[in-house]
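One-letter residues, chain by chain:
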Amino acid sequence: MNDLIQRKQKIIHIDMDCFYAAVEIRDNPSLANRPVAVGGAEARGVLCTCNYIARRYGVSSAMSGKIALQKCPELIILPVNMAKYKEVSKSIQQIFHQFTPLVEPLSLDEAYLDVTDNQDFSNSATLIADEIRRQIWQKENLTASAGVAPNKFLAKIASGWNKPNGLFVIPPENVERFVVDLEVNKLFGVGRVTAEKLHKMNINTCNDLQKLALSDLIHKFGKFGHTLYLQSRGIDNRLVNANRVRKSLSVETTFSKDTANYQQITAELDNLYLDLVNRYNKIASEYLIKGQYIKVKYKDFKSRTAEITSHDLNKENFIMLLTKLLNYSEIRLLGLGVKLSSNDDSAESELLFD
Ligand code: TTP
Ligand code: MG
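Each value, and the rule that gives it
Residues numbered from 1 in each chain as written. Chains lettered and ligands numbered in written order. Predicted model: local features only at pLDDT ≥ 70, side-chain atom pairs only at ≥ 80, totals over all residues. Heavy atoms only, no water. Near = heavy atom within 4 Å. Polar contact = N/O pair within 3.5 Å; in protein donor to acceptor, adjacent residues only side chain to side chain. Helix = DSSP H or I, 4+ residues; strand = E, 2+ residues; numbered from the N terminus. Nonpolar A, V, L, I, M, F, W, Y, C, P; charged D, E, K, R; others polar. Domains from an automatic or database assignment. Pairing = 2+ DSSP bridges. Axes fitted to C-alpha atoms, helices over the stretch in contact; angles between N-to-C directions. Contact = heavy atoms within 4.5 Å.

### Quick notes on the site of ligand 1
Here is step 1 of the chain: The immediate surroundings of ligand 1 are formed by 16 residues, with Cys18, Thr49, Tyr52, Arg55 and Asp109 found nearest.
Here is step 2 of the chain: Here an oxygen atom of ligand 1 sits 3.0 Å away from a polar atom, N or O, in the main chain of Phe19.
Here is step 3 of the chain: Interatomic distance of 2.9 Å between a side-chain N/O atom of Asp109 and an oxygen atom of ligand 1.
Here is step 4 of the chain: Those elements that place two or more of their residues in the shell around ligand 1 are β1 (11-16), α1 (19-27), β3 (47-50), α2 (52-55) and α12 (262-283).
Here is step 5 of the chain: Partitioning the shell around ligand 1 into residue classes produces seven nonpolar, three polar and six charged.
Here is step 6 of the chain: A domain split of the shell around ligand 1 shows at least three residues from each of domain 1 (9-18 + 83-171) and domain 2 (19-81).

And the structure:
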């Protein structure tokens, strides 16, 4: 299909509110009006998440417990109870599947649903999203936020628009108006590095982005330039993938100028490493690490990767792999990744041998 035309679809993105913290507060209501976080309280421990009261103090996911307590001395930090969150996750997945078989979970608390062909509620995705939120509340006593839009990237933005316990709808006829003022760092695939690069080019909103020719964007961002071109116009033709199993997770950056400077490259490795840790933390309960790899693209566009077996995310491994790939030629791109295996694989094989 012509990818400049949005395929006709109705997508709902559901995201539970402050998920781990909300489950803990539900199970101990005396915590309801206090700042609560879940994660490591020890000196080097990192928070998984916190409730919205704690967020007012500047506490956030991936922050060290120590810094969080400096910002909010009354913060209650509870240990992680993954088995419980997984159970709730299963239960909300069951609700999703009542409305469509096309459910793509992104993490324990988040999923895309394609309800294009659901005839319930006069085929209104908005009413379906409301009903899903109602059922989650009724069954689990937890709030979820939902976004409804003609595609995945807009639905995901929409679910965050009225968080917590909110619903936001971007009907097809509002897409053009909605994206004009949308900040580029909200776009799918635009992380810290790309956002900085765009800001340096004086591009802050999709409106700014729309002024660039496709050829310019491809020149500056490679293949991703095409995605940027489409997203800035509110178009995203990715399908909801109900059978998705992650095999790997990676982050990468293209240097604004090719470089052979070791310090510059390792500084970027540090940044990418932090990004990767954050991304992995969100899915850590579902996937185990079985290897780490690094990718380098040289000035002449040739790529090489180096890999090591590993069961955790270890920065020294990446630095060691980097030294294997660096020669004296300049590089244009650096990527870090982990190879994953599903956490349930072992459980399944145990069952098979029972
Ligand atoms: P999120 O949906 O990103 O966050 P949240 O549900 O806590 O809050 P929000 O209301 O903004 O959606 O992540 C879901 C869960 O994943 C979160 O409750 C805890 C876990 N998580 C981590 O363990 N580490 C992280 O860095 C992040 C972002 C999340
Ligand atoms: Mg959430």
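What follows continues from the structure just given.
### Section: the sheet that holds strand β5 (residues 103-107)
Here is step 1 of the chain: The strand order across the open sheet built from five strands is β5-β6-β1-β7-β8, with neighbouring strands paired in mixed fashion. Sheet topology places β5 and β8 (167-169) at the edges, where each strand pairs with a single neighbour. This sheet shows a mean twist of 15° between the axes of neighbouring strands, independent of strand direction.
Here is step 2 of the chain: Helix α4 (residues 82-97) rests against β1, β5 and β6 (110-114) of the sheet, and its axis sits at about 155° to β5.
Here is step 3 of the chain: Each of β1, β5, β6, β7 (144-149) and β8 is contacted by helix α6 (residues 152-161), which is oriented at about 140° to β7, the strand it contacts most.

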